Amino acid sequence: MIPASHRAVLIRSAKGICAADGLPPNVGRATRVHALIEAFGLCDKVRIVEAAAATDAELTEFHSEEYIECLLHPEATSNVSDSDSDDDDDQLKRFGLLYDCPVFEGMEEHVRMAAGGTLAAAACLIDGSTRVAMHWEGGRHHGQRSRAAGFCYINDAVLGILKLQARFGKVLYVDLDLHHGDGVQDAFVYSNRVTTLSIHHYDRGFYPNTGGAADEGKGHGVGHSINATLRRGASDAVFRRVFDSVASAAVEAFEPGAVVVQCGCDGLAGDPHKIFNLTGQAFVDAVQVVLAWRLPTLLLGGGGYNNANVARCWTRLTAVAAGEQDISASKDIPEHAYLNDYAPTFDMAIDATLAGDDNTDGSVEAGISAVIAAIKS
C-alpha cells in the first residue's frame, strides 16, 4: 500500500469546484467530474489537497499587471466620469473580454481558484511529497499574457510551469486537447528550458489557427515547440501511434526534470465539436506512457463540452494516476446524484462513432517523420 503522504495528489475543494462550475462553456462540469471520482471510491486512494485562491502577485508572475487590473479590479480602470460605455468596451476588447471570453458573474473566483489549484499541485511536486498531482479544473491553455482567449481567462498551465522550473529546471509540456495549446507555446516560444508538445487538429479556420508543423519555436527556442497535427476523424489507433512516437522522442531528446500534461477532452467522440473520434482509452494510454517515465508529473484538465464523457475520462485518469487498476469501459456507473446523466448505457464507455477517418497511413507517417526530424535537428 502506498503511504497516504506519498499518494498521488488531487486538488479538490468545494470552493474550487463551485468556481469552475461557473465558467459559461463548462457549467456544472467540475461537480460531475468530482462526483464520479468520489462515486468510484477514488478519493480514498489519493491525497486531497485544498488549494488557496491565487493572489495578484502570483497571477502576475506571467500575466501583465494591466490585464489583471482590468480582469479582477475593473473599478480601478473604468472611466467613471464618462457616461458613454464605448471606452469601457474598447478596454474589454483590448484584453479579450468580449465575444468568446465575456465578463461573467463569479469570474474572479474562477480565475483565482483555477490558478491557485495548479500552483498548489506544482508545490506538492516541488516538496517531494508526491510524484503525481492532478488539478482537473486547470489546463486553461489559450490564455495570453495580456489577453483572455478561447474560454481561458488565465493561463494556469504557464504559471504551473514557471513554478516547476525553479525546482526541476527543464519542463516538458504535453497538450492532448483538440485545439493547439497556443497560449503555452507563445509563453515559452523563445525558451530552450520548456518544450511544448501539442497533438491537435489543424485546419484552415479552425481555432486558434496556430500550431502547424512549421511552428518550431524562435531564437533559443527553435526545436522546442513541437506540433503534431491530425486530420478529422482521428481514432484511438491513430492518436496512440502519433503520441507514442513523438512523445518518446521528445522526452529522450530534452531530458526534462518534470512533465505537465493538459488532458483536454474535446477530441472525444460525442463532444459537440465532432472533429476527432477518440474514446477514453486514448487518454488512458497516453497518460500511462507519461507516468512510466517516472518524472514529477502534473495532470491538468482543459477542453471538453460533453460533461458526462469528460467525467468518465478524467475519472479513469484519476484511477491510473493513483496507481489503481484502470476502470473498464464496461464498468457500470455507481449510484450517485448524477447517475441519470449517463443514460442510456449507464456505464463508463465512450463509444467511437462510425464517422470516417481522414488520417491515412501516409499522412500519419509523414507527420511523425517531420516531427521527429525537427526534434533531432
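The structure under discussion appears in the preceding block.
Scope of this entry: the structure provided in the associated data block. These numbers come from a predicted model, not from an experiment. In this numbering scheme, every chain counts its residues from 1 along its sequence in written order. Owing to the predicted nature of the model, reporting of local features is limited to residues with pLDDT of at least 70; listing and counting of side-chain atom pairs is limited to 80 or more, with chain, interface and lining totals taken over all residues. Calculation of side-chain values draws on the structure's entire complement of heavy atoms; hydrogens and water are dropped beforehand.

## Quick look at the pattern of salt bridges
Here comes step 1: A carboxyl oxygen of Asp or Glu within 4 Å of a side-chain nitrogen of Lys or Arg is what we treat as a salt bridge. With the rule as written, the count across this model stands at 9 salt bridges.
Here comes step 2: A salt bridge links Glu 66 to Arg 94; the nearest nitrogen and oxygen atoms lie 3.0 Å apart. Of this pair, Glu 66 sits in helix α4 (residues 65-72) while Arg 94 sits in helix α5 (residues 86-94), placing them 28 residues apart in sequence.
Here comes step 3: Exposure categories follow from relative accessible area, calculated using a 1.4 Å probe and restricted to protein chains: below 20% of the type maximum is buried, above 50% is exposed, and the middle band is partly exposed. Given a relative accessible area of 46%, Arg 94 falls into the partly exposed group.
Here comes step 4: Within the structure, one salt-bridge network assembled from shared partners comprises Asp 56, Glu 108 and Arg 112. Helix and strand assignments come from DSSP, with helices taken as H or I runs of at least 4 residues and strands as E runs of at least 2, each series counted from the N terminus.

## As for the sheet that holds strand β1 (residues 9-11)
Here comes step 1: One requirement defines pairing of two strands: DSSP has to find at least two bridges between them. Here 8 strands make up an open sheet; going across it, the order is β2-β1-β3-β8-β7-β4-β5-β6 and the pairing parallel. A single partner strand is all that each edge strand has here, and the edge strands are β2 (47-49) and β6 (225-230). Each strand axis lies, on average, 15° off the axis of its neighbour in the sheet, ignoring direction.
Here comes step 2: Judged from the 3 bridges that link them, β1 and β2 form a sheet pairing that is parallel. When the sheet's bridge partners are listed, Val 9 is paired in β2 with Arg 47.
Here comes step 3: Contacts were defined at the residue level, with two residues in contact if any of their heavy atoms lie within 4.5 Å. Here an angle of 0 to 180 degrees is reported between the N-to-C directions of two axes, which are lines fitted to C-alpha atoms, with helices fitted over the stretch in contact. Docked against the sheet, helix α10 (residues 280-292) engages β3 (132-135), β7 (258-262) and β8 (297-300), running at close to 160° with respect to β8.

## Details of the packing of α10 against helix α11 (residues 307-321)
Here comes step 1: Remark: α10 packs on α11, axes separated minimally by 9 Å, with the N-to-C direction vectors making an angle of 25°. Relative to α11, α10 is oriented roughly parallel. Crossing angle aside, the handedness with which α10 passes α11 is right-handed. Contact residues: Gly 280, Gln 281, Phe 283, Val 284, Val 287, Gln 288 and Leu 291 in α10; Cys 313, Arg 316, Leu 317, Val 320 and Ala 321 in α11.
Here comes step 2: Across the contact of α10 with α11, the residue classes break down as 8 nonpolar, 3 polar and 1 charged. Between 65 and 115 degrees an angle is taken as roughly perpendicular, under 35 as roughly parallel, over 145 as roughly antiparallel, and anywhere else as oblique. The sense of a crossing depends on the near helix, which, turned anticlockwise from the far helix by less than a right angle, makes the crossing left-handed and, turned clockwise, makes it right-handed. Three classes are used: nonpolar for Ala, Val, Leu, Ile, Met, Phe, Trp, Tyr, Cys and Pro, charged for Asp, Glu, Lys and Arg, and polar for all others, with Gly counted as polar.

## What about the packing of aromatic side chains?
Here comes step 1: Side-chain rings of Phe, Tyr and Trp (the six-membered ring for Trp) are treated as a pair once their centres are within 6.5 Å; stacked means planes under 30 degrees apart, edge-to-face means over 60, and tilted covers the remaining angles. All told, the structure shown has 5 aromatic pairs when counted by the stated rule.
Here comes step 2: Ring geometry for Phe 151 versus Tyr 305: centroids 6.1 Å apart, planes at 70°, classification edge-to-face. Taken together, the residues span a long stretch of sequence, with Phe 151 in the loop between β3 and α7 (156-168) and Tyr 305 in the loop between β8 and α11 at a distance of 154 residues.
Here comes step 3: For Phe 151, a relative accessible area of 29% translates into the label partly exposed.

As far as function goes, none of this settles anything; it's purely spatial.
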